[in-house]
Amino acid sequence: MPVLPDWVVQVCQVLTVLMLAPLISGVIARGEAIVQQRTGPRLLQPYYDIAKLLRKETVLPGPAGLLFRAAPYISFAGYATVPLLIPVLTNYGLPLGYMGDILGGGLILGGAGFAISIAAIDSGSPYAQLGSSRLRTFGALNEPTVIFVVFVVALTTHTDLPYVLGATLRASTVEVVRPSHLLIIAAFFMLVLNETGRIPVGSHGGTLEFGQIDEGRVAEHSGPGLAFLRWGGSVKQLVLYTIFANVLLAPWGVASSGRLDDVALAIALLAVKALAIGVVVIVIECSFAKLRLYKLPEFTVASFMLAVLAVVIFLFQPGFGDLRLTVFGAAATVTAVVVLLLELGMLRSQDVWEQLGLYALGSAVVAALAIATAASGHGDSSLYVLAAVTIALKALLFPIGIRFVLRRLEADPRVPSTIGIPSALLIAVALTAFAFVVIRPIHIDTVPALPLSALPVAVGGVLVAFLLMVLRPYAPSQLLGFLILENAVTVASLVIAPGLPIILALLLLFDLLIGVLVFVVLVQYLATERTAVRTDMLDRLTG
Amino acid sequence: MSWALIALGVVPLVAVAASFTCGWRLARAATAVAGLVSLGLAIALALAVEHGRTLSSAHGWVRLDSLGAVFLLATGLLYAVAGVFSVGYLHADEQAGDFGRFARRYFVLLNLFGWSMLLVPLASDFGTLWVTVELTTVISALLVATDRTDAALEASWKYVLIASSGLGIALLSIIVLYATGTHALGDAYLPRFVRLIAHAHGFSIDAVRLAFVLAVVGFGTKVGFVPMHTWLPDAHSEAPAPVSALLSGSLLAGAFYAILRFFQVAVAAGERSFAEHVLIVFGVVSLVVASLFVLRQSNYKRLLAYSSIEHMGVIALGIGFGAPLAVAGALLHVITHASAKGLAFFGAGSLLRGYDTKEIAEVTGAGTAMPWTGPMFLAAALALCGLPLSGVFRSEFQIVCGGFAEPQYVGVTLLIVFVNLAFFGILWHAGRMVLTPVAGGDVARGEVSAWLVAGMLGCLFVVIALGVHLPGDLTALITNAGHRLAAPAR
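In this report, the structure presented in the accompanying data block is examined. Position numbers for residues count from 1 along each chain, tracking the sequence in the order it is written. As a convention, the first chain written is A and the first ligand written is 1, with the rest following in written order. Per-residue local features are limited, in this predicted model, to residues with pLDDT of at least 70; the limit for side-chain atom pairs, both in listing and counting, is 80 or more; totals at the level of whole chains, interfaces and linings are taken over all residues. Side-chain measures here rest on the full set of heavy atoms in the structure, leaving out hydrogens and waters.

It is worth spelling out the overall build of chain B at this point. Secondary structure counts use DSSP, requiring at least four H or I residues in a row for a helix and at least two E residues in a row for a strand, with both numbered from the N terminus. The helix and strand inventory of chain B stands at 19 helices and 2 strands. Using C-alpha atoms as the atom set, the radius of gyration is obtained and then compared with a globule rule of 2.2 Å times the number of residues to the power 0.38. Whereas a compact globule of 490 residues would reach a radius of gyration of roughly 23 Å, chain B reaches 21 Å, a difference of no more than 12%. Projecting the C-alpha coordinates of chain B onto the three principal axes gives extents of approximately 70 × 55 × 40 Å. When accessible area is computed with a 1.4 Å probe and restricted to protein chains, residues below 20% of their type maximum are described as buried, those above 50% as exposed, and intermediate ones as partly exposed. For chain B, the residues scored as buried account for 68% of the 490 residues in total. Throughout, a residue-residue contact means that at least one pair of heavy atoms, one from each residue, lies within 4.5 Å. Excluding contacts between residues fewer than 6 apart, the proportion of contacts in chain B whose partners are at least 24 apart in sequence is 81%. Carbon and sulfur atoms make up 67% of the accessible area of chain B, which amounts to about 14900 Å² in all. Here Asp and Glu are counted as negative and Lys and Arg as positive; His is not counted, and neither are the chain ends. Taken as the charge location is NZ of Lys, CZ of Arg, CG of Asp or CD of Glu. In chain B, the 26 positive side-chain charges and the 25 negative ones have mean positions that sit 5 Å from each other. For the accessible areas, the method is Shrake-Rupley and the probe is 1.4 Å, while residue cover comes only from the protein chains on display.

Before going further, it helps to spend a moment on the overall build of chain A. When you go through chain A residue by residue, the secondary structure sums to 18 helices and 0 strands. Residues counted as buried form 57% of the 543 residues belonging to chain A. Look at the contacts in chain A between residues 6 or more apart in sequence, and 82% of them connect residues 24 or more apart. Roughly 20900 Å² of accessible area belongs to chain A as shown, and the carbon and sulfur atoms make up 70% of that amount.

Attention shifts here to the nonpolar core. The biggest cluster of nonpolar side chains holds 359 residues, and the ones touching the most others in it are Leu-347 of chain A together with Trp-130, Phe-212, Phe-219, Phe-256 and Leu-331 of chain B. It is helix α10 (residues 241-268) of chain B that provides the largest number of residues to this core, a total of 20 residues. Each nonpolar core is a collection of buried residues, namely Ala, Val, Leu, Ile, Met, Phe, Trp, Tyr and Cys, held together in the definition by side-chain atoms within 4.5 Å.

Moving on, we get to the packing of aromatic side chains. Each aromatic ring pair is described using two quantities: the centre-to-centre distance and the angle formed by the ring planes. The rule is short: rings of Phe, Tyr and Trp, with Trp giving its six-membered ring, pair when the centres are within 6.5 Å, and they are stacked under 30 degrees, edge-to-face over 60, tilted in between. The final tally for this structure, using the stated rule, is 27 aromatic pairs over all chains. Both rings, one in Phe-126 of chain B and one in Phe-193 of chain B, keep their centres 4.9 Å apart while their planes meet at 85°; by these two values the pair is edge-to-face. Separated by 67 residues along the polypeptide, Phe-126 of chain B in helix α5 (residues 126-144) and Phe-193 of chain B in helix α7 (residues 193-199) bring together distant segments of the chain. Note on accessibility: Phe-126 of chain B and Phe-193 of chain B belong to one class, buried. Centroid distance Phe-225 of chain B to Phe-256 of chain B: 6.3 Å. Interplanar angle 85°. Geometry classified as edge-to-face. With Phe-225 of chain B in the loop between α8 (205-223) and α9 (231-238) and Phe-256 of chain B in helix α10, the pair connects residues that are 31 residues apart, well separated along the chain. A relative accessible area of 0% means that Phe-225 of chain B is categorised as buried. Relative accessible area serves as the criterion here: at 1%, Phe-256 of chain B is assigned to the buried category. Members of the aromatic cluster, each reached through a chain of ring pairs, are Tyr-73, Phe-76, Phe-228 and Trp-231 of chain A. Criterion for a charge above a ring: Lys NZ or Arg CZ within 6 Å of the ring centre, and within 35 degrees of the ring normal. Here the guanidinium or amino end of Arg-407 of chain A rests over the ring plane of Trp-353 of chain A, the centre of that ring lying 4.5 Å away.

Right, let's talk about the pattern of salt bridges for a bit. Any carboxyl oxygen of Asp or Glu within 4 Å of a side-chain nitrogen of Lys or Arg constitutes a salt bridge here. Scanning the entire structure with this criterion turns up 16 salt bridges over all chains. We note a salt bridge from Asp-65 of chain B to Arg-63 of chain B, for which the minimum N-O separation is 3.5 Å. Like Arg-63 of chain B, Asp-65 of chain B is buried. A salt bridge links Arg-302 of chain B to Asp-234 of chain B; the nearest nitrogen and oxygen atoms lie 2.9 Å apart. Here Arg-302 of chain B, found in helix α12 (residues 300-321), pairs with Asp-234 of chain B, found in helix α9; they are 68 residues apart in sequence, far enough to count as distant. We classify Asp-234 of chain B as buried; its relative accessible area is 0%. Within this structure, Lys-295, Glu-298, Arg-348 and Glu-354 of chain A form a network of salt bridges that share partners.

Moving on, we come to the side chain of Thr-146 of chain B. With respect to the element layout, Thr-146 of chain B can be found in the loop between α5 and α6 (150-185). Excluding anything up to four places from it in sequence, Thr-146 of chain B contacts Phe-102, Arg-105 and Pro-240 of chain B.

This next bit is on the packing of α10 of chain B against helix α13 (residues 324-355) of chain B. Residue and element names in this part refer to chain B. Between N-to-C directions, angles span 0 to 180 degrees; the directions come from axes that are lines fitted to C-alpha atoms, helices contributing only their stretch in contact. The contact between α10 and α13 brings their axes to 7 Å, and the two run at 160°. Here α10 is positioned roughly antiparallel relative to α13, judged by the angle of their axes. When the axes of α10 and α13 are compared, the crossing they make is right-handed. Contact residues: Ala-241, Pro-242, Ser-244, Ala-245, Ser-248, Gly-249, Ala-253 and Leu-260 in α10; Leu-331, Val-334, His-337, Ala-338, Lys-341, Gly-342, Phe-345, Phe-346 and Gly-349 in α13. Across the contact of α10 with α13, the residue classes break down as 10 nonpolar, 6 polar and 1 charged. Each angle is binned into one of four classes, with values under 35 degrees roughly parallel, values over 145 roughly antiparallel, values of 65 to 115 roughly perpendicular, and all other values oblique. If you view the pair so one helix is near and one far, a crossing is left-handed when the near helix is turned anticlockwise from the far one by less than a right angle, and right-handed when it is turned clockwise. Ten residues, namely Ala, Val, Leu, Ile, Met, Phe, Trp, Tyr, Cys and Pro, are considered nonpolar, four, namely Asp, Glu, Lys and Arg, are considered charged, and the remaining ones, Gly among them, are considered polar.

Residue and element names in this part refer to chain A. By secondary structure assignment, the location of Phe-299 is in helix α11 (residues 296-316). C-alpha of Phe-299 to C-alpha of Leu-509: the two residues are 210 residues apart in sequence and 38 Å apart in space. In contact with Phe-299, not counting residues within four places along its chain, are Met-190, Leu-193, Asn-194, Pro-200, Val-201 and Leu-291.

Residue and element names in this part refer to chain B. By definition here, a helix of n residues has an expected span of 1.5 Å times n minus one. Between its first and last C-alpha atoms α12 spans 31 Å; for 22 residues at 1.5 Å apiece the expected length is 32 Å, and the two agree. Among the 22 residues that make up α12, 22 are buried, leaving the element largely enclosed by the rest of the structure. Polar contact is the term for a pair of N or O atoms within 3.5 Å; when the atoms are in protein, one must be able to donate a hydrogen and the other to accept it, and sequence-neighboring residues count only if both atoms are side-chain atoms. Between a side-chain oxygen at the N-terminus of α12 and the backbone nitrogen of Lys-301 the separation is 2.8 Å; the capping residue is Asn-299. Immediately beyond the C-terminal end of α12, within one or two residues, lies Gly-322, with a positive phi of roughly 90°.

In structure tokens, the structure reads:
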């Protein structure tokens, strides 16, 4: 098998990104259309668009100058430079690969965006300027998240080179399932959604002015300039996906040498990873509504909080020792973090139906943990019973039953928080960090393979559940807060004492007792035909 | 004697079955009989274990030692008296349309409640203990809501959520303790008290401390420690009077019993002073806050509820002081508080039947309008304040003496100051209710039912008897239980 010289591979990196990018955009657009039961554009439509635009003539607005004409090419050059710096196809640095670190790459991406924004102002069109200023306003809020993600990378690897982080993860797979790393994955994913203008931040390709952030800026461009802007936009998206996949999430499957088959395999795998991320994006775009403009900072703040929490957790987690990676350990840590993230989602949500859905999802994740525990040989088969009961009761019966009762009561689905969402998230982050501080000195002498760093995450989940109960003076939300508290306790017990019969029996009994209570009390409410299920009324009884 | 352990778990269930299947007249008779039989069994069991024997049955799943027997006595007493008192308490409603259904539901739940609380001291491992305590929550929440008024439902809702969340924390503490024990006891073992205590010296200190604090917070929610007490006044004021008495005298104490089991493990692990400090902190905070709240109450059932928080604080302080005299006083206080608070809540229930209001300001001249209830309510108030001749005086005096002996001057000073503050508050309110002239003439003269008086007299007898002369057997029992707390390995 021929071995390609390094510079050829480097050229391949750039070409792969440039050629693959429109396809990813096309797949996402098509996938969304299918989910929404439309026919949608062809998969290759972005290529046709670019080809068509390249053949068209350029129409310039009156006040446009040199800057306006140059901006598409400057930005495209910027987007095409970044693939040189990141591990697109290889796990080793190629020529020019070390000319910039993560911050350097970010700077180039930012510079490319800046050129487009300046061009929008140069066009003199108020519409384009509005898009530009909007993007700058919200884009500026993303910077802290980027910085904190870089902090975690730097703390892990003592450098901020993307190649090194990938190598660190490959050398010690356990790094991937550290709570701090999982949190920066979550934070970075929110950042990617934000930067690529996806729902819930912006909507792609729509014509409604309010939905557009990215699209508004390029309104005045036409012909080859617009072609390069469109192309550049999809290249930027693929570059971010590549960083997400090949640096943070799964730095495997890249070529370790210049052999032709290795490189070809790496190209194929990159496409697969990017498509997988695309599928997740499709699901998100089709299941959430776009946030109102003035709610956007909440989303950004949320990703920032996750990144901050990641740094804090990183500083405290060495106390939990090096854990060996097992299926169970990875599952437990991922579950604990996912349950925590879902709780933060419930804390953010102002809608009781959405909270119910998040709770059901969390219960399903806990059930999956029970199954993974049993399947990896850490507990006996009674764990399957726990999983079955969890799914039956907590993922299906409770949410459906609560939904039924609330519909019968015609309860108001809006459950606003008593304090602002960013403050609530800040308190939640502080509580989770507090759990790490408290539990760090505790040495629980059990099997060394136990994922003990998942324990403080789960305890943090318990505290956040309390927070939810405190911040929502509505009976349904408080009930859900209590139920997720129980989920967090289940995760904690599976982490410390997986598959011990007595604990399992207790958990099962707990579930059943809670089930009885929930329904008896709810039915009592139903019996008295109360119209408003608000616990504010309890003020009558204070003192 | 181990047959009595089983019998104790069966007798209330027989009453449940009777209440479920037969008419309400039989149900109420069965409840009174079951309560009295349970009390008899509890006394018999207490006599059997008073010198340090432990009884066990059902392959070790059921176990009773002197520490558990103290709490068993308190529950047995209140269950028996509540059964008798309920007969009179429901008398006023007998004309109502669906009284039969209501009474049967009430008696079924009351017996279940008594049964679940009798089970708490019989548990032999932390898992069963937790399950039984959670069971008491579930059943008592339904009892609190039994009147089906808006306020009762809300109180029940608040109670369920807060108490169950607390028990979630308690479960976490059991899990932590359990995980710590796996090192010494193997991967799958039953967390029996005896085994954990025997191996506690090898446990990780930090884990034992964490487990103890989590247990005090978790079970402490049900004990009513401030600041986890917020459910307590609502539940106590909205529940029917016999249930309030059981909640206050027995349920709170049962949750405290669970904390004492963790205390034993902590002592065995060499963390005695840490555990005592935790209890002193929670005790002092509860005492201070509750006695301040007592002063400004306008609802006499809530007044008694805050007095319960105060007394739980006193018990926690007694254990926290650590001197044998104070520990014995605290254990005695469990029984004396149960009897005195039972008397007070029964009196309050009788007043509620007579005056149909829970407002202190609207109850005047109870001394003349209700010639039995008024004086006995006043006697209960005096007893709760710790006046001599009542058992509460004896137990509080022991706690104070023990505190001076230890010496824990700060704790004792706070105890004396705030108990006196509560003394003033309770006496002020009770005096205004009982010793004033009757306002308006429309209040029914006399008692609603002789059964009410019988129940109260029973409690009053115990309150005075414990104050005048402590039976030798009880002294032996409490001394032995105190030894178990001081050196659990024995």
